[in-house]
Structure formats: C-alpha cells, structure tokens
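So the chains spell out like this:
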Amino acid sequence: MPSVRLCTLDQAPQPGSCRHFDLPDGIGCALFNVGGELFALQNNCPHMDSPIEDAAIERGVLTCPWHGWQFNLRTGISLMSDHIRIPSYAVRIENNHVIVDLP
Ligand code: FES
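A brief report on the enclosed structure follows. The shown structure was predicted, so the numbers you read here are calculated from the model rather than taken from an experiment.

Criteria and thresholds
Each chain has its residues counted from 1, running along the sequence as written. Local features in a predicted model are, by the rule used here, given only for residues with pLDDT of at least 70; side-chain atom pairs are given and counted only at 80 or more, and totals for whole chains, interfaces and linings are based on all residues. Strand pairing is assigned whenever DSSP detects at least two bridges linking the two strands. The numbering of helices and of strands both runs from the N terminus, where a helix is a DSSP run of H or I of at least 4 residues and a strand a run of E of at least 2. Axis definition: a line fitted to C-alpha atoms, over the contacting stretch in the case of helices. Angles run 0 to 180 degrees between N-to-C directions. Here, a nonpolar core means buried Ala, Val, Leu, Ile, Met, Phe, Trp, Tyr and Cys residues linked by C-beta atoms lying within 7 Å of one another. With C-beta atoms placed from the backbone, a residue is buried if 20 or more other C-beta atoms are within 10 Å of its own, exposed if 12 or fewer are, and partly exposed between those counts. Here contacts are defined at the residue level, using C-beta atoms placed from the backbone and a cut-off of 7 Å between them.

Strand order in the open sheet formed by six strands is β1-β9-β8-β4-β3-β2, with antiparallel pairing between adjacent strands. The sheet is open, and its two borders are formed by β1 (3-8) and β2 (17-22), each paired with just one other strand. Going across the sheet, the axis of each strand differs from the next one's by a mean of 30 degrees, ignoring polarity. Examined bridge by bridge, strand β4 (residues 37-42) and strand β8 (residues 88-94) share two bridges and lie antiparallel to one another. Bridge pairing in β8 links A40 to Y89.

Here it is as structure tokens:
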C-alpha cells in the first residue's frame, strides 16, 4: 500500500480546521483535525466534484458546504446511500510526520 507524507505534525491543521494537500496524480486530500484526531478524505464531493475542505463537521458527520450532502467523516460513506462515498485514507503519525495510506 503506497503511503504519502503530508506534512510535519506542527504543519497539520489545528483542532476545528482543515488543510488541503496534493497527492500524487493530482488528487486533492482534505486533512481535518477534529478534537485533535486527524481524518483524511479526498477533497472532492461525489455530488458535483466540489472541494469539501470547508465542510462543517458535527458528531462525526461531514456536511458538504455546497449542497449539504452528508457523509460519515471516518468512512466517507454517504448518509443517503452506501453506494456513494468520498474516498478516505488511514492517517498515522510517524517520526513527527503525518502520513496517509492510499488504497
Ligand atoms: S457538491 Fe457536495 S453536496 Fe453538492
């Protein structure tokens, strides 16, 4: 499984915020910090491919800022249908770096 080093821990978003990173092949990654826990998802909503980095997060649910579609923050799966999903990436901290595992 390929991994990508996103940033150092001190460059990660602060709690309650999100930061965009570019992954290989031009894929955008939105790294959310929710209460000190980091979550990484592809930075594209499956509805109209718009960025989700300004999404509201509440009780583990990500609400797209564009038209309100909602997703499980941890899995990226839509609350409307299991068939709709934002790709999500496992996040780990290694040697003071934030690393995501790509599928
Ligand atoms: S682009 Fe996300 S709900 Fe429309």
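To continue, consider the sheet that holds strand β6 (residues 61-63). Taken together, the three strands give an open sheet; going across it, the order is β5-β6-β7, and neighbouring strands pair in antiparallel fashion. This sheet does not close on itself; its edge strands, each paired only once, are β5 (56-58) and β7 (70-72). The average angle at which neighbouring strand axes cross in this sheet is 25 degrees, direction not considered. Pairing analysis gives three bridges linking β6 to β7, with the strands arranged antiparallel. Looking across to β7, one finds that V61 is bridged to N72.

Ranked by internal contacts, the top residues of the largest apolar core, which has 21 residues, are C29, A30, L31, F32, A40, L41 and I52. Counting residues per element, the ones that place at least two in this core are β3 (28-34), β4 and β9 (97-101). It is β3 that contributes the most residues to this core, four residues altogether. For A30, the contacting residues outside a window of four places in its chain are C18, H20, L41, N43, I52 and E53.

Okay, unusual backbone geometry next. Located in the positive-phi region is D49, a residue other than glycine, with phi close to 65 degrees. Looking at the element boundaries, D49 is found in the loop between β4 and β5. Using a count of 9 C-beta atoms within 10 Å as the deciding quantity, one classes D49 as exposed. Even without being glycine, N95 reaches a positive phi, approximately 50 degrees. Its place among the elements puts N95 in the loop between β8 and β9. Judged by the 8 C-beta atoms lying within 10 Å of it, N95 falls in the exposed class.

Further remarks concern the environment of N44. Locating N44 in the fold gives a position in the loop between β4 and β5. It is 12 Å that separates the C-alpha atoms of N44 and W69, two residues lying 25 residues apart in sequence. Beyond its immediate sequence surroundings of up to four residues, N44 is in contact with G28, D49 and P51.

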